[in-house]
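Secondary and tertiary structure notes
In case you want the letters, here they are:
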Amino acid sequence: TQLLEQSPQFLSIQEGENLTVYCNSSSVFSSLQWYRQEPGEGPVLLVTVVTGGEVKKLKRLTFQFGDARKDSSLHITAAQPGDTGLYLCAKGGYNQGGKLIFGQGTELSVKP
Amino acid sequence: GAVVSQHPSRVICKSGTSVKIECRSLDFQATTMFWYRQFPKQSLMLMATSNEGSKATYEQGVEKDKFLINHASLTLSTLTVTSAHPEDSSFYICSARVWDRGRSSYNSPLHFGNGTRLTVT
């Protein structure tokens, strides 16, 4: 399969809770990107990670790239209803001929 | 920032007709564009890689005669769904990467269009 393993697929939480989304592959990534998509729109890039062990923060979002560059996680602190959407990890780079292959996605719903 | 425009945003067609979807890079050149398909509540599945001036590269299981791709210029790729059937109803999204001559851009982000919702009746 061309998909990455992303979990969980669905997540429904209350405002203020924390959550973590995981993205795993059996092969090494040259780079990994996280996107957020709202219904009826294209995905919007959140972050790109390329170095094993890298941690990047984007306000309440923390992205981590595994040391072996085979996995990544997205942690959201104090989730808000505005965080609702489909979160997608994607691997790409030279080994993939420049194309992006997406994980199955995590549908996040944050209830007020 | 780099903008990708996709047109139309929505289209309804009758079974057996063909539909053309355009993907334009508005303020940058793109030698390569990618076409994805997305079903409700699911992820994006790569259909094909569109290469300017040459044939598209299709992913396994995608019918090249049904999904015709043309990339005639550095700013335009088109996807034509031929003889559409209800099972072709889906959300089609294109994306493009900024082309920078002389520099490997494989790790640079893709810029996505806003998608085309195709409904075949």
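Notes on the structure follow. (Residues numbered from 1 in each chain as written. Chains lettered and ligands numbered in written order. Predicted model: local features only at pLDDT ≥ 70, side-chain atom pairs only at ≥ 80, totals over all residues. Heavy atoms only, no water.)

Volume-wise, the largest pocket comes out at about 280 Å³. Taken together, 15 residues form the lining of the largest pocket, with Pro39 and Gly40 of chain A together with Gln38, Pro40 and Lys41 of chain B sitting closest to its centre. Residues belonging to the lining of the largest pocket are distributed by class as follows: 5 nonpolar, 5 polar and 5 charged. (1 Å grid on protein atoms, 1.4 Å probe; cavity = no way out; pocket = protein on both sides within 12 Å on 5 of 7 lines; lining within 4 Å. Points joined across faces, edges and corners; volume = space filled by probe spheres on them. Nonpolar A, V, L, I, M, F, W, Y, C, P; charged D, E, K, R; others polar.)

Moving on to the pairing of strand S8 (residues 76–81) of chain B. Looking along a regular strand, one sees the side chains alternate between the two faces of the sheet. Residue and element names in this part refer to chain B. Most of S8 is tucked away, with 6 of its 6 residues classed as buried. Looking at chain direction, strand S7 (residues 67–73) and S8 are connected through 5 bridges and run antiparallel. Considered in S8, the bridge of Leu68 is made with Thr80. Connecting the antiparallel pair S7 and S8 is a turn made up of 2 residues. (Buried < 20%, exposed > 50% of the residue type's maximum accessible area, 1.4 Å probe, protein only. Helix = DSSP H or I, 4+ residues; strand = E, 2+ residues; numbered from the N terminus. Pairing = 2+ DSSP bridges.)

Next up on the list: the interface of chain B and chain A. Accessible area lost when the parts come together is the quantity often used to give the size of an interface. Counting residues at the interface gives 22 residues for chain B and 28 residues for chain A. Connecting chain B to chain A are 0 salt bridges. Linking chain B with chain A are 3 residue pairs in polar contact (both at pLDDT 80 or more). When contributions to the side of chain B that touches chain A are tallied by element, the ones reaching two or more residues are strand S4 (32–38), strand S5 (44–51) and strand S9 (90–96) of chain B. With 4 residues, the top contributor of residues to the side of chain B that touches chain A is S5 of chain B. Grouping the amino acids of the side of chain B that touches chain A by side-chain chemistry returns 11 nonpolar, 8 polar and 3 charged. (Contact = heavy atoms within 4.5 Å. Salt bridge = Lys/Arg side-chain N within 4 Å of Asp/Glu carboxyl O. Polar contact = N/O pair within 3.5 Å; in protein donor to acceptor, adjacent residues only side chain to side chain.)

For the structure on display, the rule yields 2 disulfides over all chains. Sulfur-sulfur distance for the disulfide between Cys23 of chain A and Cys89 of chain A comes to 2.0 Å. Between Cys23 of chain A and Cys89 of chain A the sulfur-sulfur dihedral comes to about 75°; the bridge is accordingly right-handed. On the criterion of sequence distance, the pair formed by Cys23 of chain A in strand S3 (residues 19–24) and Cys89 of chain A in strand S9 (residues 85–92) is long-range, its members being 66 residues apart. Classification of Cys89 of chain A by relative accessible area gives buried; the value is 0%. Of all cysteine sulfurs, the one in Cys94 of chain B lies closest to Cys13 of chain B, which takes part in no disulfide; the gap is 18 Å. (Disulfide = S-S within 2.5 Å.)

Taken as a whole, this structure holds 5 salt bridges over all chains when the rule is applied. Lys56 of chain A is paired through a salt bridge with Glu54 of chain A; the nearest N and O atoms lie 3.6 Å apart. For Lys56 of chain A, a relative accessible area of 31% corresponds to the partly exposed category. With relative accessibility at 17%, the residue Glu54 of chain A sits in the buried group. Between Asp88 of chain B and Lys66 of chain B there is a salt bridge, and its shortest N-O distance comes to 2.9 Å. Of the two residues, Asp88 of chain B sits in the loop between S8 and S9 while Lys66 of chain B sits in the loop between strand S6 (57–58) and S7, which places them 22 residues apart along the sequence. Take Asp88 of chain B and Lys66 of chain B: they sit in the same class, and that class is buried.

Just geometry here; none of it tells us what the structure is for.
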